[in-house]
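Spelled out, the chains give:
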Amino acid sequence: MPKHFLSLADIPASELRAILDEAHARKKARAGLLKGVEDTDAPLAGRTLAMLFEKSSTRTRFSFDMAMRQLGGSNITALSGDMQMGRGETIEDTAKVLSRFVDGIMLRANRHEDLLALAQHASIPVINGLTDYNHPCQIMADLQTLEEHGRELNSLRMTWVGDGNNVAVSFINAAAKFGYELNISCPPGYTAPGADIERARAEGGKVREVTDPAKACAGADVVIADTWVSMGDTDADERMRDLAAYQVNDALMGRAAKDAIFLHCLPAHRGEEVSASVIDGPQSVVFDEAENRLHAQKAVMRWCLGV
Ligand code: CP
Ligand code: NVA
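In this text, all values refer to a predicted model and were calculated from it rather than measured experimentally.

(A) A look at the environment of A245. Within the secondary structure, A245 sits in the loop between α9 (236-243) and α10 (250-253). When the C-alpha positions of A245 and M301 are compared, they lie 39 Å apart, and in sequence the two are 56 residues distant.

(B) The site of ligand 1, seen in detail. Taken together, the neighbourhood of ligand 1 is formed by S57, T58, R59, T60, R108, H135, Q138, C265, L266 and R293. Here an oxygen atom of ligand 1 sits 2.7 Å away from a polar atom, N or O, in the side chain of T60. Along the lines of polarity and charge, the residues of the shell around ligand 1 split into two nonpolar, five polar and three charged.

(C) Representation of the side chain of S63 within the structure. Relative to the elements of secondary structure, S63 occurs in helix α2 (residues 59-70). Only 3.0 Å separates the side chain of S63 from the side chain of Q297, close enough to count as a polar contact. When near neighbours in sequence (up to four residues on either side) are disregarded, S63 contacts R293, L294 and Q297.

(D) Expanded view of the sheet that holds strand β5 (residues 157-161). Judged by pairing direction, the sheet is parallel, and its five strands sit side by side in the order β7-β6-β5-β8-β9 without closing on themselves. Each edge of the sheet is formed by a strand with only one pairing partner; in this case those strands are β7 (206-209) and β9 (261-264). Mean inter-strand twist for the sheet, computed between neighbouring axes without regard to direction, equals 20 degrees. With five bridges connecting them, β5 and strand β6 (residues 181-185) associate as parallel partners. Bridge assignment links R157 to a residue of β6, and that residue is E181. The sheet contacts of helix α6 (residues 166-178) involve β5, β6, β7, β8 (222-225) and β9, and relative to β5 the element is tilted by about 160 degrees.

(E) How the structure looks around the packing of α6 against helix α7 (residues 194-202). Packing of α6 against α7 leaves a shortest axis separation of 8 Å and a crossing angle of 15 degrees. On the basis of their axis angle, the class for α6 and α7 is roughly parallel. The handedness of the crossing between α6 and α7 comes out as left-handed. Residues V169, I172, N173 and A176 of α6 lie in contact with α7, whose contacting residues are D196, I197 and A200. Residue composition of the contact of α6 with α7, by class: five nonpolar, one polar and one charged.

(F) Structural detail: the side chain of H4. On the secondary structure map, H4 appears in the segment before α1 (13-29). Within the structure, the side chain of H4 is placed 2.9 Å from the backbone nitrogen of V126, a separation counted as a polar contact. If sequence neighbours within four positions are ignored, H4 has contacts with I11, A119, I124, P125, V126 and W303.

(G) The arrangement of the site of ligand 2 in detail. The local shell around ligand 2 consists of L130, N165, N166, D226, T227, S230, M231 and L266. Contact distances for ligand 2 include 2.8 Å between an oxygen atom and a side-chain N or O atom of N166. Backbone polar atom of M231 to an oxygen atom of ligand 2: 2.8 Å apart, as the coordinates give it. Protein burial of ligand 2: of its 270 Å² of free accessible surface, 94% is covered by the chains. Class assignment of the residues belonging to the shell around ligand 2 gives a composition of three nonpolar, four polar and one charged.

(H) Seen up close, the nonpolar core. Core analysis: the biggest nonpolar cluster contains 59 residues, and F5, L143, M158, F171 and Y180 have the highest contact counts within it. The dominant element in this core, judged by the number of residues it contributes, is helix α12 (residues 286-305), at eight residues. Every residue in contact with M158, bar those within four places of it in the chain, is listed here: L143, L146, F171, Y180, E181, L182, N183, V222 and I224. Counting residues in each nonpolar core, the second largest holds 20 residues, with M83, I91, V102 and A122 among its members.

So, how was this worked out
Each chain carries its own residue numbering, running from 1 in the written order of its sequence. Chain labels run from A onward and ligand labels from 1 onward, assigned in the order the entries are written. For this predicted model, a pLDDT threshold of at least 70 governs which residues receive local features, and a threshold of 80 or more governs which side-chain atom pairs are given and counted, while totals over whole chains, interfaces and linings are taken from all residues. Side-chain metrics in this entry use all non-hydrogen atoms of the structure; hydrogen atoms and water are not considered. Helix and strand assignments follow DSSP, with helices taken as H or I runs no shorter than four residues and strands as E runs no shorter than two, numbered in order from the N terminus. Any residue with a heavy atom positioned within 4 Å of a molecule or strand is treated as near that molecule or strand. A 3.5 Å cut-off defines polar contacts: any pair of N or O atoms within that distance qualifies, except that in protein one atom must be a possible hydrogen donor and the other a possible acceptor, and neighbouring residues in sequence count only when both atoms are side-chain atoms. Each residue gets one of three labels, nonpolar for Ala, Val, Leu, Ile, Met, Phe, Trp, Tyr, Cys and Pro, charged for Asp, Glu, Lys and Arg, and polar for the others, Gly among them. Only heavy atoms matter for contacts: two residues are in contact if any of them lie within 4.5 Å across the pair. Pairing between strands is defined by DSSP: at least two bridges between them are needed. Only the contacting stretch of a helix is used when fitting its axis, a line to C-alpha atoms as for every element, and angles between N-to-C directions run 0 to 180 degrees. Convention used here: angles under 35 degrees read as roughly parallel, angles over 145 as roughly antiparallel, angles from 65 to 115 as roughly perpendicular, and any remaining angle as oblique. Helix crossings fall into two classes, left-handed where the near helix is turned counterclockwise from the far one by less than a right angle and right-handed where it is turned clockwise. Working definition of accessibility: Shrake-Rupley area with a 1.4 Å probe, residue cover restricted to the visible protein chains. Among buried residues, those of type Ala, Val, Leu, Ile, Met, Phe, Trp, Tyr and Cys that are joined through side-chain atoms within 4.5 Å constitute a nonpolar core. Remark: exposure states derive from per-residue accessible area (1.4 Å probe, protein chains only) relative to the maximum for the residue type, with buried under 20%, exposed over 50%, and partly exposed in between.

These figures come from the coordinates and say nothing about function on their own.
What follows is the structure in structure tokens.
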């Protein structure tokens, strides 16, 4: 069975811990190197990753591409509209064909079911580059960022504010694995999936739903926001209205611990889910977070490929 990276809920805590350790080590090891220079061990020499996108991407695309180059491997990027998959070839056949050409597949999919189908039929590892349901690579980079800023994950209180979306799901999935407390603050109708919250709690995760964002942020060590309108959402006007009271601004950050960190996976919409004063202010680490996609995903790929 290939080792797929589809959901943090399915990967043992010890293996996720090892991936994070590797991400830190790889980042340190290449300090001072030009971006286009390979890591000295080049562990993926001779390996190729296919990167398939059904929706837009800046960070995921550039970070995986540079990660493969720095690991000594290569990659092929295709937008689904360029592929036969975009005009009806089945996921199953696509999985079987790509398995003959490349060593791994990263997919950004509209529908999580399609990612699962790809993984089921591929004989090579499949990595989740975001679906409508979750975004596990993002959270590995986020956790790396918090540790890099001197925080111990198992003693942190984190608060998610806004839409209970795909990024929120991966934070929930990782809660029991890393031991942090997670408050999820969403308005009615935008809550995170109950099944993920229940599963996290059953595994010992300290996940609480706190509808009032001011209460949810009280004393928080980390405050997290994401867009109110994710890719594929069609009800933008309604969302803007319903989520208006969930903007992370100075008033809300003022409820959190004095040294609280602000996270956002980007792309951000200043004046909507976050004020410019917060995302561009001293508590924000969003560009370290973006950079760490590169380092965390290198470790994910080594874990998947077993090299
Ligand atoms: N955070 C993130 O996944 O960004 P992209 O959509 O630009 O890849
Ligand atoms: N929730 C956002 C994340 C983008 C990286 C989306 O799915 O569009």
